[in-house]
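Here's the letter readout for the chains.
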Amino acid sequence: MVEYKYKTFWPRFWAGFIDGLIFIPMAFFSDWLFGLELNGVVNFIYYALIHTLSYYFYTVYMHGKFGQTIGKMLMKIKVSKVNGEPFTYKRALYRDSVIIGAAILILFIEAGPILSGINPFLATEGSQAFQVLIWVQLAWFMIEFMTMLTNNKRRAVHDFIAGSVVTRL
């Protein structure tokens, strides 16, 4: 039986949803910016640093500093080390390392077309490598989901990598 403090599936789900909402204005700005057909280098720098990697900077910073993102704060859950000690930036980076690695691979795949002036949202059309990477990300998500539902502390693979656990406050 799962102890109440570890029953975090739905709070984690809603926390992720809330954190995603925070970045919606950036998506509208990105759509507008890429419609201007700016220089490919400008588009790539913005797309890589602001549009793509900012979410990971946000999650690593928030988890490292507070053990929570804004979504987790609102849902009253927190990430800590398994032994209960506060979370660190290093562990926060470990926690997101697989998905950050996938994002960086996608950036490499998209770099050529974007730098040549193609809208970043259209850069991966027809790219088999990009399609494979999307399937790999989907498989990772499913593995994370299944792992979280099959252990008593509801730890996902990224929690095992980081030595972390999410608990209710």
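Everything here concerns the structure above.
Below or above, wherever it landed, is the structure these notes cover.

Time to look at the overall build of the chain. If you tally the helices and strands in the chain, you get eight helices and two strands. What you see in the chain, going N to C, is helices and strands ordered as α-α-α-α-α-β-α-α-α-β. If one aligns the C-alpha atoms of the chain with their principal axes, the spans along those axes are about 55 × 30 × 25 Å. Burial statistics for the chain: of 169 residues in total, 42% are counted as buried. Pairs at least 24 residues apart make up 68% of the contacts formed inside the chain by residues separated by at least 6 positions. On the chain, roughly 9,700 Å² of surface is accessible, and the fraction owed to carbon and sulfur atoms is 70%. Looking at charge distribution, the chain has the averaged site of its 15 positive side-chain charges lying 17 Å from that of its 10 negative ones.

Right, let's get into unusual backbone geometry. Even without being a glycine, Lys-76 presents a positive backbone phi close to 60°. Within the secondary structure layout, Lys-76 lies in the loop between α5 (70-75) and β1 (77-81). For Lys-76, a relative accessible area of 54% corresponds to the exposed category.

What counts as what
- Think of each chain on its own: its residues are numbered from 1, step by step along the sequence as written.
- Given that the model is predicted, a residue must reach a pLDDT of at least 70 before its local features are reported, and side-chain atom pairs must reach 80 or more before they are shown or counted; all residues, however, enter totals for whole chains, interfaces and linings.
- Heavy atoms from the whole structure form the basis of all side-chain values; hydrogens and water molecules are not counted.
- Numbering of helices and strands runs from the N terminus, with a helix taken as a DSSP run of H or I at least four residues long and a strand as a DSSP run of E at least two residues long.
- Exposure categories follow from relative accessible area, calculated using a 1.4 Å probe and restricted to protein chains: below 20% of the type maximum is buried, above 50% is exposed, and the middle band is partly exposed.
- Residue contacts are defined here by distance: any two heavy atoms, one from each residue, within 4.5 Å place the two residues in contact.
- All accessibility values rest on the Shrake-Rupley procedure with a 1.4 Å probe; residue burial counts only the protein chains present in the view.
- Charged residues are defined narrowly, with Lys and Arg counted positive, Asp and Glu counted negative, and His plus the chain ends left uncounted.
- Lys charges are placed at NZ, Arg charges at CZ, Asp charges at CG and Glu charges at CD.

Purely geometric numbers; function is a separate question.
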